[in-house]
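Here is how the chains run, residue by residue.
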Amino acid sequence: MNITNKIGLGTVQFGMSYGISNNEGKTSELAVHNILSYAIENQIDLIDTAAAYGDSEEVLGKNDLSQFRIVSKFLLLDNNEKIEAQLDASLEKLQVQSIYGYMAHRPISIAKDPSIWKDLNSLKEKGKVKKIGFSFNDLEEVSLVLGAGFIPDIIQVPFNYLDNRFLPAMKDLKQLGCEIHTRSTFLQGLFFCCVEELDEYFSEAKPILTRLAKYGDKLPGLLLKYVLTNDLVDKVIIGVNNQKQLQQNIESVRLSIKEELDIFNERVSDNILTPSKWPIN
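Residues numbered from 1 in each chain as written. Predicted model: local features only at pLDDT ≥ 70, side-chain atom pairs only at ≥ 80, totals over all residues. Heavy atoms only, no water.

**Q** Mind laying out the pairing of strand β5 (residues 129-135), listing which residues take part and the relevant values?
**A** β5 sits mainly inside the fold: 6 of its 7 residues count as buried. Summarising the sheet, strand β4 (residues 99-104) and β5 pair through 5 bridges and their orientation is parallel. Residue Ile99 lies in a different strand from β5, and its bridge partner there is Val129. Where β5 and strand β6 (residues 154-158) come together, 3 bridges link them in parallel fashion. Bridge pairing links Ser135 to Gln156 in β6. (Buried < 20%, exposed > 50% of the residue type's maximum accessible area, 1.4 Å probe, protein only. Helix = DSSP H or I, 4+ residues; strand = E, 2+ residues; numbered from the N terminus. Pairing = 2+ DSSP bridges.)

**Q** Summarise the pattern of salt bridges; cite the residues concerned and give the values.
**A** Under the definition given, this model contains 19 salt bridges. A salt bridge links Arg165 to Asp163, with the nearest nitrogen and oxygen atoms 2.8 Å apart. Summarising the burial analysis for this pair, Arg165 and Asp163 share the class buried. With its nearest N and O atoms 2.7 Å apart, the salt bridge here joins Glu266 to Arg211. In this pair, Glu266 is assigned in the loop between α11 (243-255) and α12 (270-273) and Arg211 in helix α9 (residues 206-212), connecting sequence segments 55 residues apart. Judged by relative accessible area, which is 44%, Glu266 ranks as partly exposed. (Salt bridge = Lys/Arg side-chain N within 4 Å of Asp/Glu carboxyl O.)

**Q** How would you explain the state of the cysteines if you had to name every residue and give the values?
**A** With the rule as written, the count across this model stands at 0 disulfides. No disulfide involves Cys194; its sulfur sits 8.5 Å from the nearest other cysteine sulfur, which is in Cys193. (Disulfide = S-S within 2.5 Å.)

**Q** Provide a residue-level description of helix α4 (residues 83-94), including the pertinent values.
**A** Compared with an ideal rise of 1.5 Å per residue, which puts 12 residues at 16 Å, α4 spans 16 Å between its outermost C-alpha atoms and is within 8% of the ideal. Of the residues making up α4, those classed as buried are Ile83, Gln86, Leu87, Ser90, Leu91 and Leu94. The buried residues of α4 occupy an angular sector of 140° when the element is viewed end-on, so they sit on one face. Looking at the buried residues of α4, the elements they touch are α3 (56-61), β3 (69-74), β4, α6 (115-125) and β5. (Expected span 1.5 Å × (residues − 1). Arc of directions from axis to C-beta. Contact = heavy atoms within 4.5 Å.)

**Q** Break down a nonpolar patch on the surface for me, with residues and values.
**A** Judged by side-chain polarity, Leu146, Ile151 and Leu176 come together as a nonpolar surface patch covering roughly 240 Å² of accessible area. By secondary structure assignment, the location of Ile151 is in the loop between α7 (139-147) and β6. (Patch = residues over 30% accessible without salt bridge, like charges linked within 9 Å, V, L, I, M, F, W, Y side chains within 5 Å. Areas by Shrake-Rupley, 256 points an atom, 1.4 Å probe, with all protein chains shown as cover.)

Remember, this is a structural readout, not a statement about activity or role.
In structure tokens form, the structure reads like this:
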């Protein structure tokens, strides 16, 4: 398995402090530059960002992004700003003429207003984006947009060792020719938290995390490999705060290539699988 060609760089931490296990805060601009350089050296060619990720797009735009495919996301704003205007603002921040993918952060908003999908297709026709689609947060969103007849070129969904909720939808969309990106491989770092220090809110997950602790330093690689080896997945988006973390993740997969995580068939509640519901957010 080629380890790195399915990895994409998540960049929310480039624009804000992010992640339950992140003790470093927002990634410095120097660290961002080093991460991007290391990514190119290791055949990682996709960056995932969004207008809502603080100043992530501006920070990225201070670097040479010519060797990356860029995916960004948008929100419908209260001021009714047109989608094209939002995209143009992102392009200016990123210092690029076009991007690879453009996704709706809130798919339901498009299901309610089909004209937005028409606008997105217009951006493709103008050559400003290559692929359009959705960043899904729950299964209801998938049903709504597909029910409205909107077939995405590209999607992003949460998918990890504990979270297989989207697998049926991933199978259906893959058959329709959709490119599938996944996020939350490490559940914002929850997999690596000290169980004793976690809030009682996470009591359901504590026994699972305790069992996983037996894998020690191999756990990141095994969790990453779990997603990378799924044939439905085209890109696995992971976030890192520095070059060393990215290097360790890659090396950890290589070290774990002959090992597998225990089969996990338990149902974990959405309260654990959805970081936006956590009391710390």
